Amino acid sequence: MPPERNRTETGQPGQGKAVMVRADGVTKTFGRGASMVTALDRVSLSINENEFLTLLGPSGCGKTTLLRLIAGFELPDAGQILLDGQEIGHLPPYQRPVNTVFQSYALFPHMSVARNIGFGLEMQGRPASEVAQTTARMLALVRMEDMADRRTDQLSGGQQQRVALARALAPHPKVLLLDEPLSALDLKLRKNMQIELKRLQNETGITFIFVTHDQEEALTMSDRIAVMSAGRILQVGTPKEIYHRPSSRFVADFIGDINIFAATLEKTGPDGATVTLPGGGKAVAQVHAAGVVPGPVSVAIRPEDMHLTAAEDKSAAIRGRIGNVVYFGSGNNVHVTLADGTEVIVRSNEAGAVDSPVGIAFSPGKLQVLED
Amino acid sequence: MTDLSASTVADNLARARRISESTARRRRLQLLMPALIVIGIFGLFPLTITATYSFLSPGTYGGVRWEFSTDAYVQFLFQRDIFDDTLSFSDSYLRIIGRSVGLAFVTTIGALILGFPTAYFIASKPPNQRNLWLFLITLPFWTNLLIRTYAILLIIRDEGLINFALVGSGLRSTPLNILYTDPAVFIGLIYSYLPFMVLPLYASLEKLDFKLVEAAYDLYATRLQVLRRVIIPLARPGIVAGCILVFIPGLGAYITPTLLGGGKKLMMGNMIAEQFGASRNWPFGSAAALILMTVVMLALVVYVRNSGQGGRRHG
């Protein structure tokens, strides 16, 4: 494929930080002929020094392929991968100052915990004293000092995870790649490890590229998130930007709960776009995507950005009947069916009686126009 | 961190698992019984006869006379003078052992060098294609070894395919003499026993998690280091098994050295067979067979002691 200018959105390498990793029009296909699959389609992305960037998307979106290209396990069909300004796209993995934490940890079963951690340094030909010193420091960093001589199959999942992290961090790579490393852990351990990973990143100052399909994990840990789908990057931004200003229907739908419904865009102005909602009400919506023209559009709003009002209340933007109320501890999800059949979910403290008419008001500035 | 309590739970679990494993091991022992019975009747019983015969005197027309004698063992190392019955040391039989061990060893190394890449290749194929490759590996077994060895004979003899090509293409003016040399036996043995090397190697490599290979590459190991530090240690059980399966039958090989070695240079197998045939010295044949067995067992013990260490954990 010709390395033409990418059409996917690039992240802003802002805040004066140096760019550590840059993918430029990277394309990767697998298979041949009719069974050919495009895993990455002209992907461009910049990742800053000391940044925690998450590649987020459903399985098969290409996020792991992008990670493997940076690690060197796959070679790109087209495009460039730059590390610290140097093109590394065609170097073998052992010549890249990049280390990976594997989803299955991939600890060497015939070596002790300490030997696993020291393996990278040993292969780099560092002197034995340095290997021993760094190994001890890494064991302390992941709080596994007591386990140095254990065999890896004697460790719990969480402990194996720490060893895998220590092993990948020991050679002090420029970039640490993490391929869904938390997916095998149970919920509580996963929450601990999320905090732990953030701590490790702060303490080591290493750039982390983290792959996950778990949007909550991405929102919790990342400095920036790149949302991927079907081999392309749809949006790059801080967790707040991604959550509150999704540019496309896919991003909005993938991150958190959101209500999406059809509306008609009347005109765009300095304060936003005026849209006609189902039921005829008008509202002002934010436009973040380029190229939105008057006509039928999709608008989106999060359940927590709306509240229930009386049906006849003037502030209500849309009206309907309460269909179902789902209690989840800190509140209720009230399902409201609009006159045209659209179902809208509103987060609310008071439940309201089923089948009673109700109005829904929007918090100002929260309604979004989406790019389809 | 909650991991402290998790580790003790894991320890307890591991201990419980070890206990239940020992019960299961006892139960598995019962599964061994049918095989033990077969080996008892058809293995131990003949072995007892062989051991007994080795301490008897040879009968004139074969068979044994029931007179105790250690002559068979003495004969192995010493030559009795025909006229005055004095013993003088002779290394002719030790040399046969030496040649057999050497040839079996070279065959084992050769089969390992040829078999390892083959097994690795098959193990790295997608699972649905592996059976086809394994089937191809076992294909030679469909034909009798004798016939296959004759086929090799026809290929490597002076008027055979190889020399036809060499002379015909003008690379050589005279045929290359391969048949009835040690290299011919070597070729024949490698060909015959290669599958016994490939199959256990494959069984080990197939269990190898290729993510470990990637992890090693990722941690700055070059191709050779990955092979030496990760793949070979993890494939060790297969290497040990494959080497044993090639070395032992190689040591006692009969058909291949007879047909391809021309019987000029004896190997253990031919020598023993000759004692029961033309030489009509059953006690000496029995003694030689027992000595061969002892050599094999000693070699095995030394080999497994030295190389089994790493493999035991991971197999």
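From a predicted model like this one, the values you see are computed outputs, not experimental measurements. (Residues numbered from 1 in each chain as written. Chains lettered and ligands numbered in written order. Predicted model: local features only at pLDDT ≥ 70, side-chain atom pairs only at ≥ 80, totals over all residues. Heavy atoms only, no water.)

1. Comments concerning the pairing of strand β18 (residues 343–348) of chain A
Successive side chains on a regular strand alternate, one facing one side of the sheet and the next facing the other.
Residue and element names in this part refer to chain A.
Move 1: Where burial is concerned, the two faces of β18 differ: the one with V344, V346 and S348 is buried and the one with E343, I345 and R347 is not.
Move 2: The pairing of strand β17 (residues 332–338) with β18 spans 6 bridges and is antiparallel. Residue pairing in the sheet places H335 in a bridge with I345 of β18.
Move 3: Adjacent in sequence and paired antiparallel, β17 and β18 are bridged by 4 residues, among which G341 carries a positive phi angle near 95 degrees. (Buried < 20%, exposed > 50% of the residue type's maximum accessible area, 1.4 Å probe, protein only. Helix = DSSP H or I, 4+ residues; strand = E, 2+ residues; numbered from the N terminus. Pairing = 2+ DSSP bridges.)

2. Some remarks on the sheet that holds strand β8 (residues 207–212) of chain A
All names here are of chain A.
Move 1: Ordered in space as β6-β7-β8-β3-β9-β10, the 6 strands form an open sheet in which the pairing is mixed. Each edge of the sheet is formed by a strand with only one pairing partner; in this case those strands are β6 (98–101) and β10 (232–237). Averaged over all adjacent pairs, the angle separating strand axes in this sheet is 20 degrees, with direction ignored.
Move 2: The sheet contacts of helix α4 (residues 157–169) involve β6, β7 (175–179) and β8, and relative to β6 the element is tilted by about 175 degrees.
Move 3: The sheet strands contacting helix α5 (residues 187–204) are β3 (52–56), β7 and β8, and the helix crosses β8 at an angle near 160 degrees. (Axes fitted to C-alpha atoms, helices over the stretch in contact; angles between N-to-C directions. Contact = heavy atoms within 4.5 Å.)

3. Side note on the domain arrangement of chain A
All names here are of chain A.
Move 1: For chain A, the assigned domains read domain 1 (7–97 + 173–249) and domain 2 (259–370).
Move 2: Counting residues at the interface gives 8 residues for domain 1, matched by 9 residues for domain 2.
Move 3: Counting the surface lost from both domain 1 and domain 2, the interface buries some 790 Å², and carbon and sulfur atoms represent 49% of this.
Move 4: The interface formed by domain 1 and domain 2 holds 0 salt bridges in total.
Move 5: Across the domain 1-domain 2 interface, the total number found is 4 residue pairs in polar contact (both at pLDDT 80 or more).
Move 6: Counting residues per element, the side of domain 1 that touches domain 2 draws most heavily on helix α7 (residues 239–244), which supplies 3 residues.
Move 7: Classifying every residue of the side of domain 1 that touches domain 2 gives 3 nonpolar, 3 polar and 2 charged. (Domains from an automatic or database assignment. Buried area = accessible area lost by both parts, 1.4 Å probe. Salt bridge = Lys/Arg side-chain N within 4 Å of Asp/Glu carboxyl O. Polar contact = N/O pair within 3.5 Å; in protein donor to acceptor, adjacent residues only side chain to side chain. Nonpolar A, V, L, I, M, F, W, Y, C, P; charged D, E, K, R; others polar.)

4. Regarding unusual backbone geometry
Move 1: Phi is positive for A106(A), which is not a glycine, with a value near 50 degrees.
Move 2: One can find A106(A) in the loop between β6 and α2 (113–123).
Move 3: Given the relative accessible area of 3%, A106(A) is considered buried.
Move 4: The phi angle at Y180(B) is positive, at roughly 65 degrees, despite the residue not being glycine.
Move 5: Along the polypeptide, Y180(B) turns up in the loop between α7 (161–168) and α8 (182–206).

5. Notes on the confidence of the model for chain B
Residue and element names in this part refer to chain B.
Move 1: Residues at a pLDDT of 70 or more form 94% of chain B, whose mean pLDDT is 87.
Move 2: Within chain B, no element has a lower average pLDDT than helix α1 (residues 3–31), which sits at 78, and none a higher one than helix α9 (residues 210–218), at 94.
Move 3: Every residue in residues 310–315 scores below 50 in pLDDT, and together they form 9 contacts with partners more than four places removed in sequence or on other chains.
Move 4: In the predicted assembly, ipTM is 0.81 and pTM is 0.78. (pLDDT = per-residue confidence, 0-100.)

6. Points about the environment of V131(A)
All names here are of chain A.
Move 1: Locating V131 in the fold gives a position in helix α3 (residues 128–141).
Move 2: The exposure class assigned to V131 is buried, which follows from its relative accessible area of 12%.
Move 3: Put simply, V131 and G118 are 13 residues apart on the chain and 5.8 Å apart in space, counted from C-alpha to C-alpha.
Move 4: If near-sequence neighbours (up to four positions away) are discounted, V131 is found in contact with G118, L121, E122 and R126.

7. Observations regarding the layout of surface pockets
Move 1: Space inside the largest pocket adds up to approximately 470 Å³.
Move 2: In terms of lining residues, the largest pocket is bounded by 13 residues, among which D153(A), Q154(A), A14(B), R17(B) and R18(B) are the most central. (1 Å grid on protein atoms, 1.4 Å probe; cavity = no way out; pocket = protein on both sides within 12 Å on 5 of 7 lines; lining within 4 Å. Points joined across faces, edges and corners; volume = space filled by probe spheres on them.)

8. Observations concerning the sheet that holds strand β11 (residues 259–269) of chain A
Residues and elements named next belong to chain A.
Move 1: Strand order in this closed barrel of 5 strands is β11-β12-β13-β20-β14, and the pairing throughout is mixed. Strand-to-strand twist across the sheet, computed as the mean angle between neighbouring axes with direction ignored, equals 55 degrees.
Move 2: Pairing between strand β12 (residues 272–276) and strand β13 (residues 282–287): 4 bridges, direction antiparallel. Paired with T276 across the strands is K282, a residue of β13.

9. Quick notes on the domain arrangement of chain B
All names here are of chain B.
Move 1: The domain architecture assigned to chain B consists of domain 1 (1–53) and domain 2 (97–314).
Move 2: Using only C-alpha atoms to locate each centre, domain 1 and domain 2 end up separated by 30 Å.
Move 3: The interface is formed by 4 residues belonging to domain 1 together with 6 residues belonging to domain 2.
Move 4: Carbon and sulfur atoms supply 83% of the area buried between domain 1 and domain 2, which totals about 430 Å² over both sides.
Move 5: The tally of links from domain 1 across to domain 2 stands at 0 salt bridges.

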